[in-house]
Amino acid sequence: TSAVQTQLGTKAATASPVFTGNVTMTGQPWVHALGDGGTSTLPQTYTKIDAWTEVKDIGSNFASGTFTAPITGAYLMTARFYVYYLTANDMVYGKIISSNQNYYCRSFQTCEYGTSGGEAIELVVCEILDMDTNDTAEIGMYNNTAARGTQYENSEFMSLNVILLA
């Protein structure tokens, strides 16, 4: 145990937390999912990614690629994708769509490509979402030019996480 001091306006406050063991919140909403296998062509228009295999879903709030907030709060939503066969000037977009706001992540891929069939990137989408009870959120992506058949790996290289922060 140790004292924690903070300044609140012009008054100092001291707190002395005392606990042993682990702090756990067994009902805390938490989702961890991986891609369900194979590869898919990255479309030129936004497409929701719904091919997930749940590893954890505390609270059963995730189905068919959509997370539903069980309570009002701030949620951290992250996703990771492996995208390949990119060519010069390709732009890959990741997008979180929630029922109250949209969030974008854009990756510019400018590369010299040759016989290898293009370049590959890891696209990470990460946002803190302000969600009310029963708000929904999903993740998708698209490419500005799908001319060469840009692909994404729908496997263990693809992951999704959602957790209640506050």
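Here, the structure is the one placed above.
Keep in mind it's a predicted model, so treat the numbers as computed, not measured.

## Looking at the overall build of the chain
- Tallying secondary structure elements over the chain gives 0 helices and 15 strands in all.
- Here the chain has roughly 9200 Å² of accessible surface; of this, 51% comes from carbon and sulfur atoms.

## A short note on the pairing of strand S13 (residues 136–143)
- Of all 8 residues in S13, 7 are buried; the element is thus mostly enclosed.
- When strand S5 (residues 47–48) meets S13, the two strands line up antiparallel, connected through 2 bridges. Bridge pairing in S13 places Thr47 opposite Met141.
- When strand S8 (residues 66–68) meets S13, the two strands line up antiparallel, connected through 3 bridges. Within the sheet, the bridge partner assigned to Thr66 lies in S13 and is Glu138.
- Relative to S13, strand S10 (residues 90–98) runs antiparallel, the two being bridged by 7 bridges. Looking at the pairing, Ile97 lines up with Glu138 of S13.

## A look at the side chain of Gln28
- Assignment of secondary structure puts Gln28 in the loop between strand S2 (11–15) and strand S3 (30–35).
- A distance of 2.3 Å separates a polar atom in the side chain of Gln28 from the backbone oxygen of Leu164.
- If we skip the residues at most four places from it in the chain, Gln28 touches Ile58, Ile163, Leu164 and Leu165.

What counts and how
Residues numbered from 1 in each chain as written. Predicted model: local features only at pLDDT ≥ 70, side-chain atom pairs only at ≥ 80, totals over all residues. Heavy atoms only, no water. Helix = DSSP H or I, 4+ residues; strand = E, 2+ residues; numbered from the N terminus. Areas by Shrake-Rupley, 256 points an atom, 1.4 Å probe, with all protein chains shown as cover. Buried < 20%, exposed > 50% of the residue type's maximum accessible area, 1.4 Å probe, protein only. Pairing = 2+ DSSP bridges. Polar contact = N/O pair within 3.5 Å; in protein donor to acceptor, adjacent residues only side chain to side chain. Contact = heavy atoms within 4.5 Å.

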